[in-house]
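# Structural description and commentary
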Amino acid sequence: MEIRPILLSLKQNKFMTIVTVLQVSLTMAVLSSAILTTLVTLRAWNMPSGIHHNNIIRINAEFYDDTQDLGAAMQRDLQRIKALPGVQDVARTYAVPFTAEDVVELYQTNEENAQPMQTAVFEAETSLLDVLQLKLLDGRRLSSADEVIDGTGASQGAASVMVSEALAKALFNEQSAVGKTLWLSKGGDPVQVVGVYSNVMTGERLNGRGMSYHSLIRPQLLWSQENEPEYLIRVEEGRGAAMIEELVSLFYQEQGRYVGASELLTRVQKRMYDGRGSRALINLVISAVLMLITAVGIAGLTSFQVNQRRKQIGTRRALGARKSDIIRYFLTENTLITWFGCLLGALVTLFLIFDLSKRDEENYLNMGAIGLIILSMWVINAIATWLPARKAAKISPAIVTRGN
Amino acid sequence: MFAYNFSLALRSLKERPALTLLMLLAMSVGLGLFVTFYTFAKNGSDIPHGDKASTLYLVQMDNRELSADKIDRAIDMPDTTYRDAVNLYNLDMPAIHQTYVMRTWATLSFADNEVRPMQTRGAATTADFFTMFEPPFLYGSGWQLAADSGDSQVVLGKTMNDKLFGGINSVGKRLLLNNKPVTVVGVLDTWHLSWRLYDRGYYQGYPHDFFVPVQYALNHNLTRDTRFDCWEADQPQSSRFTNQDLDILRASECGWLAFWAELPEADPAQYQEKLHSYINEQKAYGRFPRELQTYVLNIVEQMDFLNANYGEQSSVIMALLFYTVCLLNAIGILLAKFIRRSKEVSVRRALGARKSAIILQHTLEVMMLGLVSAVFGLLIAVLGLKAMVQIRLWASDYNARLEDVMPYFQLDWGLALQAFAISVLCALLISIYPIWRLCSQPVAGYLKSQ
């Protein structure tokens, strides 16, 4: 394909060319910034949670009337909940998957220069393992003998813990974690690892640091009137949403109590990604509309040019050009414009993305995605050109013989 | 002649309707999106508290230790300590009113448990708060000055009154606040503030549901839901101050209250002078070890800073880019449409029509386009704003209430008129080059081959 005549014709239509290139490049810039930020959000969204979060209900109840006996009330809660048909397991806990933001630094030795490892700690009843249906991968399960449940403030913390698969690997690599000793703070009491369980999502903080599954279960509930544990309840498959209200009314059977959160863990998971998610959604919708408008605009312009150049096209056909040559002419012209526009757009994108990455401390840059976007812009614009160009190919060579 | 040109313009719009429609589509979608984001950004940057914004001053003083980091902006300043708040409040300062505000939350319920208890956010402050910030009252009023000593009185927000009392005049009625009886003295009407500054919370769309005297809040140990700016040595314990160790907190150098002064004729210099002499007196007790640094800024000044740093300009810029693309798109189509008409124009010119007539005809055509696309654009904006409300509620996980979020996404007549003007202006702008091209071609050029 001879490119020179196309360049010449573009030069003749300087204004139109510049307008189209600008349009393509701005579309490219908006589109790719939106897609790059969305990709990062989606990447986090696709992380497996490790639990059947659709069947697990979280309830956070609190006594505003401090004269009520919390210990007795919690026993009645457990009885009522277990008696409810459809409930399969219940656990009291101080941390909830997807919002376990209490990050602790733990150590493998008690020495001054020990290296810290970040993890989320689930202080909970051992039944948490049943509620979340975590699999035992190594060692033994925590038993009720390991459990420390006390509201007097007199007890020591639990001495045995289980760690998640990811944390075990980060700490001990190929070695078994079972039997190892850990310190949950510098100079604190040591705890013994008795088993390893399958991974479960912790929360945004660790997720953002690439340690989404670093967790540890310590079987203790050192509750007080000011520090009430939450409830996680697993119900029959598919009854999650239906049972929330039933459970809430159980909690309101106690006087002087307020139920704060009552939701499926699915909703907690959704909340984990909300801030970026909604922005990404808006950007994505805008870019889709923008791309459509650009494509339609290009189709319109090509159709106009086809009409403008009827005579030239006829002449070329008369001189022996095939139909495919005519179509190819328009496609090549559009390709030049699209690529040049995309190049400019990509530069603007890089500029925007570096700024965003610095602000959000997140690496949005993804050259593969930019390449794919350019490719799809090219394809869509090519289709937008091809449709009207087909008409051009149908122009009969005989048109030359007419007067105008 | 005008009528003739008008009918010509109309006819030319009708020919090649697909191109006209395409242009309309591009222009109205672009305008719609731009108006959507612009409305949101503008409503979010409105200056709260209306006429009083320029007379209400936030008082800030740097009471931190010598080793603390230097502060360059008012927003980074620590809050006011309890000691200074009480001292300044009781001092004869050159202010019309003074008040201080603490953020809190509590559970509201009834003794008979008929309505489920509700936990919600509120503010603890003094009687003058209502005189200074002028919240609109539906029933009753703020509490009397005497109640500042810690009376069990409460002012409810409209939403809370609707939920607890079904919206009736509840003044004089009693309810339980953290299980202790309080009496309603006033009910607010809807009080939309683009930014909630009075407690230095900087929230958008989360109004307080109740107000109690600050002394009541302290006596009954309501949660102090605030940040404590303590000296380095006290910082580790500061989280305890949320609901414990009130006496230590009162005596400490921890800042946690927002202190406000209403000043006459927007002149803070005199107040600041008095504030400086107060601080210098306090130095005698070993306080305020650092170089004198105070800010007395009114709400207008604070909003200027917030809008410049935390506004929604990036969305507006993006929407503007979007509109630009749509306009570029429209230029191309307009050019295509006009150039097709070269022959017709040449004939008209040859028959004696003046350049100005040609310009008039096409300007009219473009203005009509601008007007129609403004109508469609506004329609799109209304739908877009509705969608934005839903997204906002979804993003807040339905913790924000519809009635609190709505005001940020409300299109008003002023904005709608502006949109019309922008649309017509942009239409004229994009038509300059196509019309110029149309008029500047030689008359004879197209007549030759006829």
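Residues numbered from 1 in each chain as written. Chains lettered and ligands numbered in written order. Predicted model: local features only at pLDDT ≥ 70, side-chain atom pairs only at ≥ 80, totals over all residues. Heavy atoms only, no water.

## What to know about the overall build of chain B
- Check the secondary structure of chain B and you find 14 helices and eleven strands.
- By the compact-globule yardstick of 22 Å for 450 residues, chain B is too spread out, its C-alpha radius of gyration being 31 Å.
- Expressed along its principal axes, the backbone C-alpha trace of chain B runs to roughly 100 × 55 × 40 Å.
- The 450 residues of chain B split such that 53% are buried.
- Put simply, 78% of the contacts in chain B that link residues at least 6 apart link residues at least 24 apart.
- Taken as a whole, chain B presents about 19600 Å² of accessible surface, with 58% of it coming from carbon and sulfur.
- A distance of 17 Å separates the average location of the 40 positive side-chain charges in chain B from that of its 43 negative side-chain charges. (Helix = DSSP H or I, 4+ residues; strand = E, 2+ residues; numbered from the N terminus. Rg over C-alpha atoms; globule rule 2.2 N^0.38 Å. Buried < 20%, exposed > 50% of the residue type's maximum accessible area, 1.4 Å probe, protein only. Contact = heavy atoms within 4.5 Å. Areas by Shrake-Rupley, 256 points an atom, 1.4 Å probe, with all protein chains shown as cover. Lys, Arg positive; Asp, Glu negative; His and termini not counted. Charge placed at Lys NZ, Arg CZ, Asp CG, Glu CD.)

## Digging into the pattern of salt bridges
- Following the criterion strictly, the structure yields 34 salt bridges over all chains and no others.
- Notably, a salt bridge pairs Glu 254 of chain A with Arg 80 of chain A, separated by 3.1 Å at the nearest N-O pair. Pair noted here: Glu 254 of chain A is in the loop between α7 (240-251) and β13 (257-264) and Arg 80 of chain A is in helix α3 (residues 70-83), with a separation of 174 residues, a long-range link.
- Its relative accessible area of 6% is what places Glu 254 of chain A among the buried residues.
- Here Asp 162 of chain B makes a salt bridge to Lys 158 of chain B, at a shortest N to O gap of 3.3 Å. Of this pair, Asp 162 of chain B and Lys 158 of chain B both sit in helix α5 (residues 158-165), four residues apart, roughly one helical turn.
- Exposure remark for Lys 158 of chain B: the relative accessible area of 27% places this residue in the partly exposed category. (Salt bridge = Lys/Arg side-chain N within 4 Å of Asp/Glu carboxyl O.)

## Here's the deal with the state of the cysteines
Residues and elements named next belong to chain B.
- In the structure shown here, the tally under the stated rule is one disulfide over all chains.
- Put simply, Cys 230 and Cys 254 are joined by a disulfide, and their sulfur atoms are 2.0 Å apart. The chirality of the disulfide connecting Cys 230 with Cys 254 is right-handed, given an S-S dihedral of about 115 degrees. With a gap of 24 residues between them, Cys 230 in the loop between α6 (214-219) and α7 (246-251) and Cys 254 in the loop between α7 and β10 (255-262) connect regions that are remote in the sequence.
- On the basis of relative accessibility, which here comes to 10%, the residue Cys 230 falls in the buried class.
- Note on Cys 254: relative accessible area 0%, which makes it buried. (Disulfide = S-S within 2.5 Å.)

## Points about the nonpolar core
- Grouped together as the largest cluster of nonpolar side chains are 62 residues, with contacts concentrated most on Met 23, Met 27, Phe 37, Phe 322, Leu 334, Phe 409 and Ile 430 of chain B.
- Among the secondary structure elements, those contributing two or more residues to this core are α2 (14-45) and α9 (274-308) of chain A together with α1 (2-14), α2 (17-44), α10 (313-340), α12 (355-395) and α14 (413-439) of chain B.
- Among the elements that line this core, the one with the most residues is α2 of chain B, at 14 residues.
- Those residues in contact with Phe 409 of chain B that sit more than four places away from it in its chain are Phe 40, Asn 43, Leu 385, Met 388, Val 389 and Arg 392 of chain B. (Core = buried A, V, L, I, M, F, W, Y, C linked by side-chain atoms within 4.5 Å.)

## Describing the domain arrangement of chain B
All names here are of chain B.
- Here the domain parsing of chain B yields domain 1 (2-45 + 311-446) and domain 2 (50-310).
- Relative placement of domain 1 and domain 2: their C-alpha centres are 48 Å apart.
- Facing the 15 residues of domain 1 at the interface are 18 residues of domain 2.
- Summed over both sides, the interface of domain 1 with domain 2 buries roughly 1200 Å², with 40% coming from carbon and sulfur.
- Area buried by domain 1 at its contact with domain 2 is led by Gly 311, Arg 401 and Tyr 408, which between them contribute 41% of it.
- The tally of links from domain 1 across to domain 2 stands at one salt bridge.
- Linking domain 1 with domain 2 are nine residue pairs in polar contact (both at pLDDT 80 or more).
- Residue assignment for the side of domain 1 that touches domain 2 shows that the elements contributing at least two residues are α2 and α13 (402-405).
- Per-class residue counts for the side of domain 1 that touches domain 2 are three nonpolar, seven polar and five charged. (Domains from an automatic or database assignment. Buried area = accessible area lost by both parts, 1.4 Å probe. Polar contact = N/O pair within 3.5 Å; in protein donor to acceptor, adjacent residues only side chain to side chain. Nonpolar A, V, L, I, M, F, W, Y, C, P; charged D, E, K, R; others polar.)

## A short note on the packing of aromatic side chains
- A complete count under the given rule lists 27 aromatic pairs over all chains for this structure.
- Ring geometry for Trp 339 of chain A versus Trp 378 of chain A: centroids 5.2 Å apart, planes at 55 degrees, classification tilted. Linking Trp 339 of chain A in helix α11 (residues 323-360) with Trp 378 of chain A in helix α12 (residues 367-393), this pair joins segments that are 39 residues apart in sequence.
- Overall, the relative accessible area of 47% leaves Trp 339 of chain A in the partly exposed class.
- With a centroid separation of 6.4 Å and an interplanar angle of 45 degrees, the aromatic rings of Tyr 198 of chain B and Phe 211 of chain B are classed as tilted. Here Tyr 198 of chain B, found in the loop between β8 (180-188) and β9 (210-213), pairs with Phe 211 of chain B, found in strand β9; they are 13 residues apart in sequence, far enough to count as distant.
- The structure contains a cluster of three or more aromatic residues connected by ring pairs, namely Phe 129, Phe 130, Phe 133, Phe 137, Trp 143, Trp 191, Tyr 198, Phe 211 and Trp 260 of chain B.
- One cation-aromatic arrangement involves Lys 180 of chain A over Phe 172 of chain A; the distance from NZ or CZ to the ring centre is 5.0 Å.
- The ring of Tyr 408 of chain B is capped by Arg 392 of chain B, whose NZ or CZ atom sits 5.3 Å from the centre of that ring. (Phe/Tyr/Trp six-rings, centres within 6.5 Å; stacked < 30°, edge-to-face > 60°. Lys NZ or Arg CZ within 6 Å of the ring centre and 35° of its normal.)

## Some remarks on the domain arrangement of chain A
- Domain boundaries in chain A define domain 1 (4-46 + 274-401) and domain 2 (93-233).
- Computed from C-alpha coordinates alone, the two centres of domain 1 of chain A and domain 2 of chain A are separated by 53 Å.

## Focus on the environment of Lys 158 of chain B
- Each C-alpha atom, one on Lys 158 of chain B and one on Tyr 139 of chain B, is 9.8 Å from the other, the two residues being 19 residues apart in sequence.
- Discounting residues that sit within four places of it in the chain, Lys 158 of chain B has contacts with Leu 138, Leu 188, Asp 189 and Thr 190 of chain B.

## Quick notes on the pairing of β8 of chain B
All names here are of chain B.
- Bridge analysis of strand β5 (residues 137-140) against β8 gives three bridges, and the strand direction is antiparallel. Within β8, the position partnered with Tyr 139 by the bridge is Val 187.
- Two strands pair when backbone bridges link them, and strand β7 (residues 174-177) and β8 are joined in this way by four bridges, in the antiparallel orientation. Note on β8: the bridge partner recorded for Leu 176 is Pro 181. (Pairing = 2+ DSSP bridges.)

## Quick look at the environment of Asp 128 of chain B
All names here are of chain B.
- With respect to the helices, strands and loops of the structure, Asp 128 is situated in helix α4 (residues 128-133).
- Asp 128 gets classed as buried once you look at its relative accessible area, which sits at 13%.
- When near neighbours in sequence (up to four residues on either side) are disregarded, Asp 128 contacts Tyr 89, His 97, Gln 98 and Leu 145.

## Brief notes about helix α1 (residues 4-12) of chain A
Residue and element names in this part refer to chain A.
- Looking only at α1, the buried set comprises Ile 6, Ser 9 and Leu 10. Mapping the buried residues of α1 onto a view down its axis gives an arc of 100 degrees, with all of them on the same face. Facing away from the buried side of α1, by more than 90 degrees, are the exposed residues Arg 4, Lys 11 and Gln 12. (Arc of directions from axis to C-beta.)

## Here we look at the sheet that holds β13 of chain A
Residue and element names in this part refer to chain A.
- Judged by pairing direction, the sheet is antiparallel, and its four strands sit side by side in the order β2-β12-β1-β13 without closing on themselves. The strands lining the two open edges of the sheet, one partner per strand, are β2 (87-93) and β13. For this sheet, the mean angle separating the axes of adjacent strands, direction not counted, is 20 degrees.
- Summarising the sheet, β2 and strand β12 (residues 230-235) pair through six bridges and their orientation is antiparallel. Directly across from Arg 92, in β12, lies its bridge partner Tyr 231.
- This element, α3, spans β1 (56-63), β2, β12 and β13 of the sheet and lies at about 160 degrees to β2.
- Running at roughly 170 degrees to β13, α7 makes contact with β1, β2, β12 and β13 of the sheet. (Axes fitted to C-alpha atoms, helices over the stretch in contact; angles between N-to-C directions.)

## Quick notes on a nonpolar patch on the surface
- Together, Phe 340, Leu 343, Leu 344 and Leu 347 of chain A give the surface a local cluster of nonpolar side chains, amounting to about 410 Å² of exposed area.
- Inspection of the secondary structure assignment puts Phe 340 of chain A in helix α11. (Patch = residues over 30% accessible without salt bridge, like charges linked within 9 Å, V, L, I, M, F, W, Y side chains within 5 Å.)

## Re the pairing of β12 of chain A
All names here are of chain A.
- The buried count for β12 comes to six of six residues, which makes it a mostly enclosed element.
- Summarising the sheet, β1 and β12 pair through four bridges and their orientation is antiparallel. Residue pairing in the sheet places Arg 58 in a bridge with Leu 232 of β12.

## Considerations on the interface of chain A and chain B
- Facing 43 residues of chain A, the contacting portion of chain B comprises 42 residues.
- Both faces combined, the contact of chain A with chain B buries some 3800 Å², and carbon together with sulfur accounts for 68% of it.
- The largest share of the area that chain A buries against chain B comes from Phe 15, Tyr 64 and Ile 293 of chain A, three residues that together contribute 17% of it.
- Where chain A packs against chain B, one counts one salt bridge.
- In this structure, Arg 116 of chain B engages Glu 245 of chain A in a salt bridge whose closest nitrogen and oxygen atoms are separated by 3.1 Å.
- Summed over the shared surface of chain A and chain B, the number is five residue pairs in polar contact (both at pLDDT 80 or more).

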